[in-house]
Every structure is written in C-alpha cells, then in structure tokens.
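# A look at the structure
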Amino acid sequence: MAKYPEIKCTAFDISTNELLDKVTREHEAGQYVADVVHIKDQDGSLYNEYVKNKIFYLYQPADIFAHIDPSYETAARCTSS
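One structure accompanies this document, and this report is about it. Here the structure is a predicted model, which is why all the values come from computation and not from measurement.

What counts and how
Throughout this description, residue numbers start from 1 for each chain and increase along the sequence as written. This being a predicted model, a pLDDT of at least 70 is required before a residue's local features are given, and a value of 80 or more before pairs of side-chain atoms are given or counted; all residues contribute to the totals for chains, interfaces and linings. For the side-chain quantities, the full set of heavy atoms in the structure was used; hydrogens and water were omitted. Helical segments are the DSSP runs of H or I of at least four residues, strand segments are the runs of E of at least two, and each set is numbered from the N terminus. Using a 1.4 Å probe on the protein chains alone, a residue whose accessible area is under 20% of its type maximum counts as buried, one over 50% counts as exposed, and one in between counts as partly exposed. Two residues qualify as a contact provided that any one of their heavy atoms is within 4.5 Å of a heavy atom in the partner residue. Calculation of accessible area relied on Shrake-Rupley with a 1.4 Å probe; when residues are assessed, cover is drawn exclusively from the protein chains displayed. Working rule for helices: expected span equals 1.5 Å times residues minus one. Here, the arc refers to the directions that run from the helix axis to the C-beta atoms.

## A few points about the overall build of the protein
Helix and strand counts for the protein stand at four helices and zero strands. Each helix and strand of the protein, placed in order from N terminus to C terminus, yields the pattern α-α-α-α. Counting only residues that meet the buried cut, the protein has 15% of its 81 residues in that class. When contacts within the protein are restricted to residue pairs at least 6 apart in sequence, long-range pairs at least 24 apart make up 45% of them. For the protein, the computed accessible surface area is about 7100 Å², with 54% contributed by carbon and sulfur atoms.

Put into structure tokens, the structure is as follows:
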C-alpha cells in the first residue's frame, strides 16, 4: 500500500454466502463498489450466475496465468460453460 498511497482498500473477510449477498444487493441497487472479489467456484455456478450476467468480470493476470498448465484452463472452461 505504501507504493500507491492514493488507493484506499477496505477488505472484508466474510463467508461466500455473505459476500454473494452483499455484492448482489449492491449490484441491484446500482452500487458497484467491489473492485476485486476472490472466490472459489468449484462447480461453475458462480461463473454462470455472476460472470455470464456481467455482475463479475473474469480477470486472469498474465503474469500468474503464464505459470499455469494450459490443460487446467481448458478444464476450467469446460466446467464453467
């Protein structure tokens, strides 16, 4: 944070259900306040409900994904569609 002092961050350590409820209520109210949501999607249901409906946008940093075996990306796409 010292590198970017103008950026303010408020972290929430809450359950998946609390997070989805919070983000859904904010989205429905037109309040787009979540910049980053880090969540595990084991069965693709979050992708189908939130990414496909443009509530969440998929972000895959190139510097991280450069170290992931491409076969895992294919498997993830198959699960999420």
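## Section: helix 1 (residues 16-28)
For helix 1, built from 13 residues, the straight-helix expectation of 18 Å at 1.5 Å per residue is met to within 8% by its first-to-last C-alpha distance of 18 Å. The complete set of buried residues in helix 1 reads Leu19, Leu20, Val23 and Glu26. An end-on view of helix 1 places all buried positions within 135° of arc, on one side of the element. The exposed set on the far side of helix 1, more than 90 degrees from its buried face, consists of Asn17 and Glu28. Tucked inside the fold, the buried residues of helix 1 contact helix 2 (45-51). Backbone geometry just downstream of helix 1 places Gly30 in the positive-phi region, at approximately 75°.

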